[in-house]
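# Working through the structure, step by step
Listed below are the residues making up each chain.
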Amino acid sequence: MTFSTDALAGRVAIITGGGSGIGFGIAKAFVAAGAKLVLASRNADRLAGAVAELQAMGGEAIAVQADVRDYESVERVVKTAVETFGGLDIMIANAAGNFVVPAAEMSPNAWKTVIDIDLNGTFYCARAAYPALKESKFGGRFIAISTTRALEGWPGCAHAGAAKAGIMSLIRTLTGEWGKDGIRCNTIAPGAIGDTEGVKRIYEDAGRKANELSSIPLGEFGKTTDIANAAVFLCSDAGAYVAGADIVVDGGRNRGRASPIVTVPGK
Ligand code: HXC
Ligand code: NAP
């Protein structure tokens, strides 16, 4: 399933971490829907490969090397987008870092590193993009990628769980403050998305893949296109009245959280 080729026509979007995984999935869907893109992350080679692929699809895309922990580098990304494409309509704060380590063994710097990338980086993206987003003629969009784990507690990932919960609170605050400027702020909460660094680190390398799969009513990991479709919806005119929401895309895993999947005898 894809959206129409003009669903995002005329829009300019920044995607942090847009060179891989879910971010690159969003980038491909955005180009297919007519948006112009700026991809931003640390690894220039990876960004160059992603941009080449987007251009081969017929898309307009550039890369800016940046570390979201450095506010000035995030400001530079926004400035480049505005100077290159004439404005900014969409900021997708997707960049993140994560690894499994029990809280009792987590070094203070390990904690700080993930909080810096995920939570501080998301605030820096919002803060730097705000002046341009409020000028968007489409109504600006700020989207952060959260996780269904954010509000459950996340054994093995205390840093990322706390950061993502902080992001959800931040988005609700920004919704209240920036609605008057026409800026729609939302989170998308993916469940486990296959063929990504996230699933590799958190489930496959940790020997938890089968356990995680068994908790998903739809019976399989999601695809990056599933998250990309939610992002296109939110950023298109169809998403104009959605603000302060957390769009869960997880195959049903998060429902209610109280009841495990049950097999009814005889069925
Ligand atoms: C314990 C670790 C560690 C590990 C790093 N550290 N990896 N501690 N176990 N596996 C500690 C280091 O020892 C150091 O602390 C501190 O963290 C910083 O490490 P650096 O390597 O210096 O950090 P840096 O080079 O800035 O790299 C950041 C990173 C790295 C987060 C550590 O993994 C990275 O760049 N990740 C980006 C890609 C990524 O994580 N993708 C997955 C996103 S998945 P000390 O005390 O030694 O100085 C996701 C959600 C998935 O976000 C949802 C479910 C599927
Ligand atoms: P990924 O491919 O590793 O994506 C993370 C991206 O962030 C990379 O492109 C990386 O690029 C960039 N990045 C990391 N640190 C950065 C920094 N300091 N500055 C700038 N960019 C940085 O992993 P993914 O699984 O697709 O995850 C993408 C997003 O989805 C994350 O927000 C993650 O928390 C969320 N999520 C994923 C899942 C899942 O199942 N995969 C589930 C829930 C939520 P560089 O290395 O080039 O910097």
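Above this text you will find the structure in question.
Okay, so let's go over this structure. A quick note: this is a predicted structure, and the numbers were derived from the prediction, not measured.

## Quick look at the sheet that holds strand β6 (residues 184-190)
Reading across from one edge, β3-β2-β1-β4-β5-β6-β7 is the order of the seven strands in this open sheet, with parallel pairing throughout. Of all the strands in the sheet, the pair left with one neighbour each is β3 (60-65) and β7 (246-249). Sheet twist, expressed as the average angle between the axes of neighbouring strands with direction ignored, equals 20°. The strands that helix α1 (residues 21-32) touches are β1 (12-16), β2 (36-41), β4 (90-93), β5 (141-145) and β6; relative to β1, the one it contacts most, it runs at about 165°.

## Some words on the site of ligand 1
Inspection of the region around ligand 1 gives 17 residues, with R42, R69, S107, N109 and R201 positioned closest. A distance of 2.9 Å separates an oxygen atom of ligand 1 from a polar atom in the side chain of N109. In this structure, an oxygen atom belonging to ligand 1 sits 2.8 Å away from a side-chain N or O atom of R201. Listed by contribution, the elements that provide at least two residues to the shell around ligand 1 are α4 (108-133) and α6 (197-204). Tallied by class, the residues present in the shell around ligand 1 amount to seven nonpolar, six polar and four charged.

## So, the packing of α4 against helix α5 (residues 158-178)
At their nearest, the axes of α4 and α5 sit 8 Å apart, and the two run at 15° to each other. By the angle between their directions, the pair α4 and α5 is classed as roughly parallel. Taken as a pair, α4 and α5 cross one another with a handedness that is right-handed. In this structure, α4 uses A110, W111, V114, I115, D118, L119, T122, F123, A126, R127 and Y130 to contact α5, whose residues at the interface are A158, H159, A160, A162, A163, K164, G166, I167, L170, L174 and W178. Residue composition of the contact of α4 with α5, by class: 16 nonpolar, three polar and three charged.

## Overview of the site of ligand 2
Taken together, 28 residues form the shell around ligand 2, and within it S20, S41, R42, N94 and T196 come nearest. Separating an oxygen atom of ligand 2 from a side-chain N or O atom of R42 is a distance of 2.7 Å. Counting residues per element, the ones that place at least two in the shell around ligand 2 are α1 and α6. For the shell around ligand 2, the leading source of residues is α6, giving three residues.

Rules used in this analysis
- Residues numbered from 1 in each chain as written.
- Chains lettered and ligands numbered in written order.
- Predicted model: local features only at pLDDT ≥ 70, side-chain atom pairs only at ≥ 80, totals over all residues.
- Heavy atoms only, no water.
- Pairing = 2+ DSSP bridges.
- Helix = DSSP H or I, 4+ residues; strand = E, 2+ residues; numbered from the N terminus.
- Axes fitted to C-alpha atoms, helices over the stretch in contact; angles between N-to-C directions.
- Contact = heavy atoms within 4.5 Å.
- Near = heavy atom within 4 Å.
- Polar contact = N/O pair within 3.5 Å; in protein donor to acceptor, adjacent residues only side chain to side chain.
- Nonpolar A, V, L, I, M, F, W, Y, C, P; charged D, E, K, R; others polar.
- Parallel < 35°, antiparallel > 145°, perpendicular 65-115°, else oblique.
- Left-handed = near helix turned anticlockwise from the far one by under 90°.

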